[in-house]
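# Architecture and fold: a report
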Amino acid sequence: MQAREMLLQLVLLYEGDWDNVYRELVNKDYPDTKIEYKGDYITIMDEDYPETLKQSYKPPFVLFYEGNINLLKDKNPKLAIGTSKYNQTEQKQLVEQILVGTNYTLILGGRSQIDECIASQTDNSLIVVAGTPISMVDSKFKNEKTLIVSEYPEKTQITNFTRRNQIIIALCDKTLILHCERTSGTNTLVMFSLQNSKAVMVVPVSAFAKEEVVNNELIYEGATPVWTKHNLCEIMN
């Protein structure tokens, strides 16, 4: 069995669990039986596998995908978008004010209302990183301008948004936080950005915002404030 196929078989056998796959590779304990898989995928051994992801913490041995794989290797600036749940009307206004009309490739988690808003309102190319198998990603994201990736094969029950956020940051050039609450998973995007020396931009909020909203705290601690698309473009360029 070729090395590339061996990686696929181990990932299928252990349902994408990185630690189990790594252990078997170290022990050279390879599976005897073959599990059929008909979907698209790239491995860490392939030329299409992003170098920034290869250099990240526990890079996926196999990345399953659906859509335009060329988005992974093109030179277009890639912007990770982080947000917590908040007012839907404000979400639409924010997307219009900051993202509509830009040409960056946007990297999303694909689970929030604002991600759906970005998909429907903008013409940007999108990379959706799933913390689940690809089949669990909403059909709204399945179109010609989008690439969906996951380290988890189909028919697995794993949901891991921390791993998803690690991959998002490994793939991006910079991170834009639209809305962040103190106990939300968006904080892990900020943490992984800092660990990987990725610049963090944050949209300021009103001084009267709820106490759990930490956008202004992040700016106070050193994040760059962004409030218009012109402002964003200046920083991205």
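Summarised in this report is the structure supplied together with it. Source: prediction; values computed, not measured.

Conventions and cut-offs
Residues numbered from 1 in each chain as written. Predicted model: local features only at pLDDT ≥ 70, side-chain atom pairs only at ≥ 80, totals over all residues. Heavy atoms only, no water. 1 Å grid on protein atoms, 1.4 Å probe; cavity = no way out; pocket = protein on both sides within 12 Å on 5 of 7 lines; lining within 4 Å. Points joined across faces, edges and corners; volume = space filled by probe spheres on them. Core = buried A, V, L, I, M, F, W, Y, C linked by side-chain atoms within 4.5 Å. Buried < 20%, exposed > 50% of the residue type's maximum accessible area, 1.4 Å probe, protein only. Helix = DSSP H or I, 4+ residues; strand = E, 2+ residues; numbered from the N terminus. Contact = heavy atoms within 4.5 Å. Phe/Tyr/Trp six-rings, centres within 6.5 Å; stacked < 30°, edge-to-face > 60°. Nonpolar A, V, L, I, M, F, W, Y, C, P; charged D, E, K, R; others polar. Salt bridge = Lys/Arg side-chain N within 4 Å of Asp/Glu carboxyl O. Polar contact = N/O pair within 3.5 Å; in protein donor to acceptor, adjacent residues only side chain to side chain.

## Some words on empty space enclosed by the protein
Tallying each qualifying case throughout the model produces one cavity of 30 Å³ or more. Put simply, the largest cavity is a space of about 40 Å³. The wall of the largest cavity is formed by Val-11, Gly-16, Asp-17, Trp-18, Val-21, Pro-60, Phe-61, Val-62 and Glu-151.

## As for the nonpolar core
In globular proteins that are soluble, nonpolar side chains generally tend to be buried together. Judged by nonpolar contacts, the single largest core of 63 residues is most densely connected at Leu-79, Ile-81, Leu-99, Leu-106, Leu-176 and Leu-232. In terms of residue count, the dominant contributor to this core is helix H1 (residues 3–13) (six residues). Residues in contact with Leu-106, not counting those within four places in the same chain, are Leu-79, Ile-81, Leu-99, Ile-118, Thr-122, Asn-124, Ser-125, Leu-126 and Ile-127. Counting residues in hydrophobic clusters, the runner-up holds eight residues, among them Val-190, Val-200, Val-202 and Leu-218.

## Some remarks on the environment of Val-149
Residue position: Val-149 is located in strand E6 (residues 146–150). Judged by its relative accessible area of 1%, Val-149 falls in the buried class. C-alpha separation for the pair Val-149 and Ile-42, spaced 107 residues apart in sequence, amounts to 10.0 Å. Not counting the four nearest positions on each side in its chain, Val-149 is found in contact with Leu-63, Phe-64, Tyr-65, Val-128, Val-129, Ala-130 and Ile-134.

## What to know about the packing of aromatic side chains
Counted by the stated rule, this structure contains four aromatic pairs. Ring centres of Trp-18 and Tyr-22 lie 5.0 Å apart, and the angle between their planes is 10°; on these two criteria the pair is classed as stacked. Of the two residues, Trp-18 and Tyr-22 are both situated in helix H2 (residues 18–27); the distance of four residues between them amounts to about one turn of the helix. Note on Trp-18: relative accessible area 16%, which makes it buried. Both rings, one in Trp-18 and one in Phe-61, keep their centres 5.2 Å apart while their planes meet at 15°; by these two values the pair is stacked. With Trp-18 in helix H2 and Phe-61 in the loop between helix H3 (51–54) and strand E2 (62–67), this residue pair connects regions lying 43 residues apart in the sequence. In textbook terms, an aromatic cluster arises when at least three aromatic residues are bridged by ring pairs, as seen for Trp-18, Tyr-22 and Phe-61.

## Considering the layout of surface pockets
Of the pockets and cavities examined, the largest pocket occupies roughly 370 Å³. Taken together, 18 residues line the largest pocket, and the ones lying closest to its centre are Thr-83, Arg-111, Ser-112, Arg-164 and Thr-186. Within the residue set of the lining of the largest pocket, elements represented by two or more residues are strand E3 (78–83), helix H6 (161–171) and helix H7 (186–195). If one sorts the elements of the lining of the largest pocket by residue count, H6 sits on top with four residues. Of the residues in the lining of the largest pocket, the class split is four nonpolar, 10 polar and four charged.

## Focus on the pattern of salt bridges
Close approach of charged atoms lets side chains of opposite charge pair. If you walk through the whole model with that rule in mind, you get 10 salt bridges. Measuring nitrogen to oxygen at the nearest pair gives 3.1 Å for the salt bridge that ties Glu-24 to Arg-23. For Glu-24, a relative accessible area of 6% puts it in the buried group. Here the salt bridges share partners, and the residues they tie into one network are Glu-116, Asp-138 and Lys-140.

## Observations concerning unusual backbone geometry
Phi is positive for Glu-15, close to 55°, though the residue is something other than glycine. Summarising the element assignment, Glu-15 is placed in the loop between H1 and H2. Positive phi outside glycine occurs at Lys-58, with the angle close to 50°. Considering the arrangement of structural elements, one finds Lys-58 in the loop between H3 and E2.

## Comments concerning the side chain of Thr-175
Within the secondary structure layout, Thr-175 lies in strand E7 (residues 174–179). Of the residues examined, Thr-175 reaches a relative accessible area of 0% and is grouped as buried. Of the polar contacts made by the side chain of Thr-175, one reaches the side chain of Ser-193; its length is 2.8 Å. Leaving out residues up to four positions away in the same chain, Thr-175 has contacts with Leu-79, Ala-80, Ile-169, Ser-193, Ala-199, Val-200 and Met-201.

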